Amino acid sequence: MPTNWILGDLFTKDYGHAGSIAKLWEQRWLFPCKRGVYPFHDGVFEDFEGIFNHLISENINDPYSDEYTSAFLPTADALVEKAEAAEKSDRPLAIQFYKRANAVYRLARFPYISGDLKKQVFETQKRAYLRGASLWDIPVTEKVIKHNHASTGDGDAIPVYLRIPPTASKTSPCPVVLLITGLDGHRPDNTERTEEHLKRGWATVICDIPGTTVDCPASKTDPLAPDRLFTSILEWIAAQEQLDSKKVLAWGLSAGGYYAIRLAHTHASSLAGSVGHGAGTHHYIGREWLEQIGKHEYPFGLERAYCEKYGYGSFEEMKEKCQKTFSLVSGEGEGVAVVAKELPSCRLLLVNGVLDGCMPIEDSMLLMEYGTPKEGRFVQGRAHMGYPEANSYVYPWMESILGTAK
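Residues numbered from 1 in each chain as written. Predicted model: local features only at pLDDT ≥ 70, side-chain atom pairs only at ≥ 80, totals over all residues. Heavy atoms only, no water.

The protein carries the name Alpha/beta-hydrolase in an unreviewed UniProt entry, which gives Lophium mytilinum as its organism.

## Considerations on the domain arrangement of the protein
Under the domain assignment, the protein is made up of domain 1 (17–136) and domain 2 (138–405). If you average the C-alpha positions of domain 1 and of domain 2, the two centres end up 25 Å apart. Between domain 1 and domain 2, the residue contacts involve 30 residues of the former and 29 residues of the latter. Inspection of the domain 1/domain 2 interface yields three salt bridges. (Domains from an automatic or database assignment. Contact = heavy atoms within 4.5 Å. Salt bridge = Lys/Arg side-chain N within 4 Å of Asp/Glu carboxyl O.)

## So, the pattern of salt bridges
By the definition in use, this model includes 30 salt bridges. One salt bridge connects arginine 100 with glutamate 46, and the closest N-O pair in it is separated by 3.5 Å. A residue pair is termed long-range when its members are at least 10 positions apart, and arginine 100 in helix H4 (residues 91–108) and glutamate 46 in helix H2 (residues 45–57) qualify at 54 residues. Accessibility expressed as a relative area gives 15% for arginine 100, which makes it buried. Of the charged contacts, one joins glutamate 317 and lysine 321 as a salt bridge, the two residues approaching to 3.1 Å between their closest N and O atoms. One end of the pair, glutamate 317, and the other, lysine 321, are both in helix H11 (residues 315–326), four residues apart, so they sit about a helical turn from each other. Note on glutamate 317: relative accessible area 26%, which makes it partly exposed. (Helix = DSSP H or I, 4+ residues; strand = E, 2+ residues; numbered from the N terminus. Buried < 20%, exposed > 50% of the residue type's maximum accessible area, 1.4 Å probe, protein only.)

## Considerations on the packing of aromatic side chains
Following the criterion strictly, the structure yields 24 aromatic pairs and no others. Taking the centre distance of 6.4 Å and the plane angle of 75° together, the rings of tryptophan 25 and phenylalanine 40 count as edge-to-face. With tryptophan 25 in helix H1 (residues 21–35) and phenylalanine 40 in the loop between H1 and H2, this residue pair connects regions lying 15 residues apart in the sequence. An angle of 70° between the planes, with centres 5.8 Å apart, marks the rings of tryptophan 29 and phenylalanine 110 as edge-to-face. With a gap of 81 residues between them, tryptophan 29 in helix H1 and phenylalanine 110 in the loop between H4 and helix H5 (116–133) connect regions that are remote in the sequence. Taking the relative accessible area as the measure of exposure, tryptophan 29 reaches 5% and is therefore buried. Chaining the aromatic ring pairs together yields one cluster made of Trp25, Trp29, Tyr38, Phe40, Phe45, Phe48, Phe52, Tyr68, Phe72, Phe110 and Phe300. Above the face of the tyrosine 161 ring, arginine 187 is positioned so that its terminal group lies 4.3 Å from the ring centre. Looking at arginine 304, its charged tip hangs above the ring of tyrosine 64, at a distance of 4.1 Å from the centre. (Phe/Tyr/Trp six-rings, centres within 6.5 Å; stacked < 30°, edge-to-face > 60°. Lys NZ or Arg CZ within 6 Å of the ring centre and 35° of its normal.)

## A few points about the pairing of strand E7 (residues 348–353)
Most of E7 sits inside the fold, with six of its six residues counted as buried. Alternating residues of E7 divide into Leu348, Leu350 and Asn352 and Leu349, Val351 and Gly353, and every residue in both groups is buried. Pairing analysis gives four bridges linking strand E6 (residues 273–277) to E7, with the strands arranged parallel. Bridge pairing in E7 places valine 275 opposite leucine 349. The pairing of E7 with strand E8 (residues 375–379) spans five bridges and is classified as parallel. Among the inter-strand pairings, valine 351 is bridged to a residue of E8, identified as arginine 377. (Pairing = 2+ DSSP bridges.)

## Quick notes on the side chain of arginine 163
Here arginine 163 is to be found in strand E2 (residues 157–163). Residue class for arginine 163 comes out buried when judged on its relative accessible area of 3%. Within polar-contact distance, the side chain of arginine 163 engages the side chain of glutamate 195 at 3.2 Å. The contact partners of arginine 163, leaving out residues within four places of it in the chain, are Trp136, Ile138, Pro139, Val140, Thr191, Thr194, Glu195, Leu198, Trp202, Ala203 and Thr204. (Polar contact = N/O pair within 3.5 Å; in protein donor to acceptor, adjacent residues only side chain to side chain.)

## Focus: empty space enclosed by the protein
Enumeration according to the criterion identifies two cavities of 30 Å³ or more in this entry. Approximately 40 Å³ is the volume attributed to the largest cavity. As for the largest cavity, its lining consists of Pro210, Ser219, Lys220, Asp222, Pro223, Pro226, Tyr258, Tyr259 and Phe326. Here the second largest cavity defines a volume of roughly 30 Å³. Lining of the second largest cavity is provided by Tyr98, Lys99, Ala128, Tyr129, Gly132, Ala133 and Trp136. Residue assignment for the lining of the second largest cavity shows that the elements contributing at least two residues are H4 and H5. (1 Å grid on protein atoms, 1.4 Å probe; cavity = no way out; pocket = protein on both sides within 12 Å on 5 of 7 lines; lining within 4 Å. Points joined across faces, edges and corners; volume = space filled by probe spheres on them.)

## Quick look at the layout of surface pockets
Approximately 1500 Å³ is the volume found for the largest pocket. As for the largest pocket, its lining consists of 48 residues, and the residues nearest its centre are Tyr38, Pro39, His384, Met385 and Tyr387. Counting only elements with at least two residues in the lining of the largest pocket, the list comes to H1, helix H6 (191–199) and helix H13 (391–402). For the lining of the largest pocket, the element with the most residues is H1, which contributes six residues. Within the lining of the largest pocket, the residues separate by chemical class into 23 nonpolar, 14 polar and eleven charged. Split by domain, the residues of the lining of the largest pocket number at least three in each of domain 1 (17–136) and domain 2 (138–405). (Nonpolar A, V, L, I, M, F, W, Y, C, P; charged D, E, K, R; others polar.)

## A few points about the packing of H2 against H4
It is the contact of H2 with H4, at a shortest axis distance of 10 Å, that shows an interaxial angle of 30°. Compared by their axis directions, H2 and H4 come out roughly parallel. Of the two possible hands of crossing, H2 and H4 adopt the one that is right-handed. Two secondary-structure elements touch here, H2 through Glu46, Asp47, Phe48 and Ile51 and H4 through Arg100, Ala103, Val104 and Leu107. Of the residues in the contact of H2 with H4, the class split is five nonpolar, no polar and three charged. (Axes fitted to C-alpha atoms, helices over the stretch in contact; angles between N-to-C directions. Parallel < 35°, antiparallel > 145°, perpendicular 65-115°, else oblique. Left-handed = near helix turned anticlockwise from the far one by under 90°.)

Below, the structure is given as C-alpha cells:
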C-alpha cells in the first residue's frame, strides 16, 4: 500500500456532506444541477429545486429509503405525461420532456439500484428513455444478445443499447465504441456521448457492468465472469454487417474503467484500443483506501453500494476479501491478475483526476509498471474522472485510434 497517498491530507479529510442531504445539495450538487452536468445531465434545475427543498425540509437523508426515492417520482411522472401529450404536435418538445424525465428518474434510483422501488424506477426510466429516443432522427435501440459463453452463475441474455450512424452499411461499416457503464450511471445515461460518437461516424454499443443492474447477466461474485460477458458481446459485434469489428474501441467509465482495463488485456486482439477513465485496478478495493471512502467526494459514500455490487454481506467482509478476489494486480485466483501477469494489452489510455477520492490515481499509475507500455493523462487539481477537461483528451486519442481524425 502507498505510504504517502497523492491525495495528501485529503486522504483522511472529511468532505463534510456525508449523511446530510442539505449539505450535499448546498456544497456539492447545487452547482452541477444549475449547469445540467453529472449527475443532472439531460435535466433542468427547475425540475430538481422543489424536490431537494422537500428532502431537506423533511430531513430525508438516506438515499436508499423509499422516502428519498418517492420524492422524485411525481415530477418525473408528470414530465412523461407532458412528453406523451406533445408527441404528435411538437416532437422536439416531447424529446426534451423525455430527457428531463430520464434525469429525474436517474436521481430517484441513485446511487445504487437496491430494493424493489428503485428497481421499479429503473425499469420506468428505461421505458421513458427508449420512448424518447425513438423520436430522435437517429434513435437508440435495445438489442438483446445471447450470452453464448455463459457459465454457472451467469444469465443467458445481454441487453445492450445501440446507436448507429445512418451512413453505416455492409459495404461501409463504421467504427464502434463499446461504452462500459459504471456504478451509478447506466445505459440510459449516455446520450451526450452517443451524440459525440455520431459526429465522428462511430456507432455506440452500451452495456452495464456486473453487480449493478438486473441487465448485466455476468455473475457479480466471479472475477472471470466479465471475460465471458465480453466474449459474447464482441462476437455479436463482429457478426453485425454495419459494424467494423476491426475498429472496436472500449471506453470504461468510473467503475466500468476496471472492466475496460481487464478487457484490454484479455481481449487485446479484438480491440483497436481501450480507455480506462476514472478506473480502479487494485488499491481502490484495499482496506486502507476503503476505510476512508465514506469521507470523500462521492455523494452518498460507497460502502453499501460496493457491498451489494460485489456480493458481500458486510463492509468488513469486503475490506477483508475484495482485493484478494478482484485486484488486477494481486488477485489470487487463476486468471484474475491480468496486469501483474503482464498479459499483452491493446493500446490503453488511462485518464483521471489527480485528486480522485473514489478511485485513487495510484491505480492508474500502477499499470505503468507492468507489461505493454500504457498511455495516460492525469488532470491536476481535479477529482474523480478529471472533469471538465478529461473528454478533451479522450476524444482526440480515440480519433487517432479509429482513424477519423480530421
